[in-house]
Amino acid sequence: MKKYLCLMMVLASLSLWAGNSIFSYYGFPVRYYGRDIYSLGMGDTGSSDNLRFNTGYANPAQRNKDNKSLFGTGIIAGYTSYNSDYQGSKRSFRDDALDFPYFSVSVPLKNQRIGFQFNSLASGMVKNQIMLPDSTLERQEAEKYLFRADLIYSYRIRNLNLGISGNYYFGHDKRTFEQSSGGNTVHSRESLLNSFKNPTLTLGAVQSFANHSTGAYATLPVKLKGESKRSSSHTTEDPVKITHELPLQLGASYTGYFLPEYKVAVDANYDLYSEVDSKQRDAIKVGVGVAYEPSKGTKSWYQRYPLRAGIWNRQLEFKDAAGEYINEMAYTCGITFPLKNEVSSVDLALMYLNRGSLDTNKLSDRSLMLLFGFTGFDVFNKATDRTAPREIPIKEELEAW
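Residues numbered from 1 in each chain as written. Predicted model: local features only at pLDDT ≥ 70, side-chain atom pairs only at ≥ 80, totals over all residues. Heavy atoms only, no water.

1. A few points about the packing of aromatic side chains
Thinking step 1. All chains considered together, the criterion is met by 11 aromatic pairs.
Thinking step 2. Between Phe-118 and Phe-170 the ring centres are 6.1 Å apart and the planes differ by 35°, which places this aromatic pair in the tilted class. With Phe-118 in strand S5 (residues 112–131) and Phe-170 in strand S7 (residues 160–180), the pair connects residues that are 52 residues apart, well separated along the chain.
Thinking step 3. Its relative accessible area of 8% is what places Phe-118 among the buried residues.
Thinking step 4. The class for Phe-170 is partly exposed, based on a relative accessible area of 28%.
Thinking step 5. On the basis of an interplanar angle of 40° and a centroid distance of 5.4 Å, the ring pair of Tyr-262 and Tyr-292 is categorised as tilted. (Phe/Tyr/Trp six-rings, centres within 6.5 Å; stacked < 30°, edge-to-face > 60°. Helix = DSSP H or I, 4+ residues; strand = E, 2+ residues; numbered from the N terminus. Buried < 20%, exposed > 50% of the residue type's maximum accessible area, 1.4 Å probe, protein only.)

2. A word on the pairing of strand S15 (residues 307–319)
Thinking step 1. Taken together, the nine bridges between strand S14 (residues 283–292) and S15 define a ladder with antiparallel strand orientation. Paired with Ile-284 across the strands is Gln-315, a residue of S15.
Thinking step 2. Pairing of S15 with strand S16 (residues 325–338), which is carried by 10 bridges, proceeds in the antiparallel orientation. Paired with Lys-319 across the strands is Tyr-325, a residue of S16.
Thinking step 3. Where S15 folds back onto S16 in an antiparallel hairpin, the turn is made up of five residues, including Gly-323, whose phi is positive at roughly 85°. (Pairing = 2+ DSSP bridges.)

3. Overview of the environment of Ser-253
Thinking step 1. For Ser-253, the position within the fold is in strand S12 (residues 249–259).
Thinking step 2. For the pair Ser-253 and Ser-213, spaced 40 residues apart in sequence, the C-alpha to C-alpha distance is 8.3 Å.
Thinking step 3. Each residue touching Ser-253, except ones within four places of it in the same chain, is listed here: Gly-46, Ser-47, Ser-48, Ser-213, Thr-214, Gly-215, Val-266 and Asp-267.
Thinking step 4. Among the polar contacts made by the side chain of Ser-253, one reaches the side chain of Ser-48 at a distance of 2.8 Å.
Thinking step 5. Within the structure, the side chain of Ser-253 is placed 2.8 Å from the side chain of Asp-267, a separation counted as a polar contact. (Contact = heavy atoms within 4.5 Å. Polar contact = N/O pair within 3.5 Å; in protein donor to acceptor, adjacent residues only side chain to side chain.)

4. A short note on unusual backbone geometry
Thinking step 1. Phi is positive for Asp-44, close to 55°, though the residue is something other than glycine.
Thinking step 2. Within the fold, Asp-44 resides in the loop between helix H2 (37–40) and strand S2 (70–86).
Thinking step 3. With a phi close to 65°, Lys-362 is a non-glycine residue in the positive phi region.
Thinking step 4. Within the secondary structure, Lys-362 sits in the loop between helix H3 (358–361) and strand S18 (363–376).
Thinking step 5. With a relative accessible area of 41%, Lys-362 lands in the partly exposed category.

5. A short note on empty space enclosed by the protein
Thinking step 1. Following the criterion strictly, the structure yields three cavities of 30 Å³ or more and no others.
Thinking step 2. In this structure, the largest cavity spans a volume of roughly 250 Å³.
Thinking step 3. Contributing to the lining of the largest cavity are 22 residues, with Val-30, Tyr-32, Met-351, Leu-353 and Arg-355 lying nearest its centre.
Thinking step 4. Those elements that place two or more of their residues in the lining of the largest cavity are strand S1 (30–31), S2, strand S3 (89–99), S15, strand S17 (345–355) and S18.
Thinking step 5. Partitioned by chemical class, the residues of the lining of the largest cavity number 11 nonpolar, four polar and seven charged.
Thinking step 6. Computed from the structure, the second largest cavity encloses a volume of approximately 140 Å³. (1 Å grid on protein atoms, 1.4 Å probe; cavity = no way out; pocket = protein on both sides within 12 Å on 5 of 7 lines; lining within 4 Å. Points joined across faces, edges and corners; volume = space filled by probe spheres on them. Nonpolar A, V, L, I, M, F, W, Y, C, P; charged D, E, K, R; others polar.)

6. So, the side chain of Asn-83
Thinking step 1. Tracing the backbone through its elements, the reader meets Asn-83 in strand S2.
Thinking step 2. The exposure class assigned to Asn-83 is buried, which follows from its relative accessible area of 13%.
Thinking step 3. Separated by 3.3 Å, the side chain of Asn-83 and the backbone oxygen of Ser-81 make a polar contact.
Thinking step 4. With residues up to four places along the chain from it excluded, the contact list for Asn-83 reads Ile-22, Arg-91, Ser-92, Leu-358, Lys-362, Leu-363, Ser-364 and Arg-366.

7. Focus: the environment of Asp-267
Thinking step 1. Its place among the elements puts Asp-267 in strand S13 (residues 262–271).
Thinking step 2. Sequence-wise, Asp-267 and Thr-255 are 12 residues apart; in three dimensions their C-alpha atoms are separated by 8.7 Å.
Thinking step 3. Setting aside residues up to four positions removed in sequence, Asp-267 forms contacts with Arg-35, Asp-44, Thr-45, Gly-46, Ser-47, Ala-252, Ser-253, Lys-285, Val-286 and Gly-287.

8. Concerning the nonpolar core
Thinking step 1. With 14 residues, the main nonpolar core has Ile-37, Leu-40, Ile-76, Trp-312, Met-351, Met-369 and Leu-371 as its most contacted residues.
Thinking step 2. Mapped by element, the contributors of at least two residues to this core are H2, S17 and S18.
Thinking step 3. Take this core: its biggest share by element is three residues, from S17.
Thinking step 4. When residues no more than four places from it in sequence are discounted, the contact partners of Met-351 are Trp-312, Tyr-331, Thr-332, Ser-367, Leu-368, Met-369 and Leu-371. (Core = buried A, V, L, I, M, F, W, Y, C linked by side-chain atoms within 4.5 Å.)

9. Considering the pattern of salt bridges
Thinking step 1. Per the counting criterion, the structure on display carries 17 salt bridges.
Thinking step 2. Where Arg-308 meets Asp-347, a salt bridge forms, and the shortest distance between an N and an O atom there is 3.3 Å. Here Arg-308, found in strand S15, pairs with Asp-347, found in strand S17; they are 39 residues apart in sequence, far enough to count as distant. This pair shows no difference in class: Arg-308 is buried, exactly as Asp-347 is. (Salt bridge = Lys/Arg side-chain N within 4 Å of Asp/Glu carboxyl O.)

See the structure below:
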């Protein structure tokens, strides 16, 4: 048991990595919605999928098909290509990307379930430098994270699951500017660090049928409180109190089998950013996915592995420097490799994502990512192993008097 807890602590520290985007100067462009790697390979759908061992808890009422204790985590790695069109000059740069989007654990207690999930909710990292005509070199960097830790409780009433989670947000937004030239003996450097945190609540419900399930959830708006600290090469100013508002976030989902071995899922998210900032629009994301889930039985080896594919479209809430909104489109596919026991499995997925447009935004991201997820460890329900060899005393023969 100790080794599993240690693994969870290591993964929690690794989750402090985040996604890259050229739009990081304007907002939080990279966003995860609390779903697992299986879901990401299926168009980021499945927040109502009670038909499998689901380790994503975007909806706190989410359960798995059997009463099992589950642990899940994932890794996203690949390349992001930045593209720009500046005054008719097109440039591109390829950057490595590594992200640990979530880990979760969930334990059943009869008709109840308690769990915990930690995920990188939103992020953005980018570095840029330019050489001016007078040989002055300017460097800019944006580094921003927004994490979310959930303590989850759900209760089952027949086929209806009701859930609630306490959500704790924390993160920061750091901007750095540096300038250097051959004529300056001291380089100039300025930075602005905004940090914030605060809790809120999410309420959800999932209704299950024989081969279908539907769900909906809402995360209440919250005003994150923190401080802003400005510093330069010479001075550090006193911190100033700030706030960062997050709006009401709504989600809805459907999952079901339209044929015995073929499943479809649709998820929609709607975040009311226009209610907290008149300069922003409401963020909408819609994903659609299909999956092949082979039934148990003798099949050819290539028919035994679950397959899936999906697509999503997302409208980001903020504008670029020219005042144009940014859209995102992604295409995904995935495969599952079941391990020895019923619970454990490895999920692999491939994601191609395009964010922004050179024609509209003069900037764009193109990402190709490999997603690796692991589900397993029904450790709390596992019986104690009592098969270790034991020394049995030999019967003592007593002589008669």
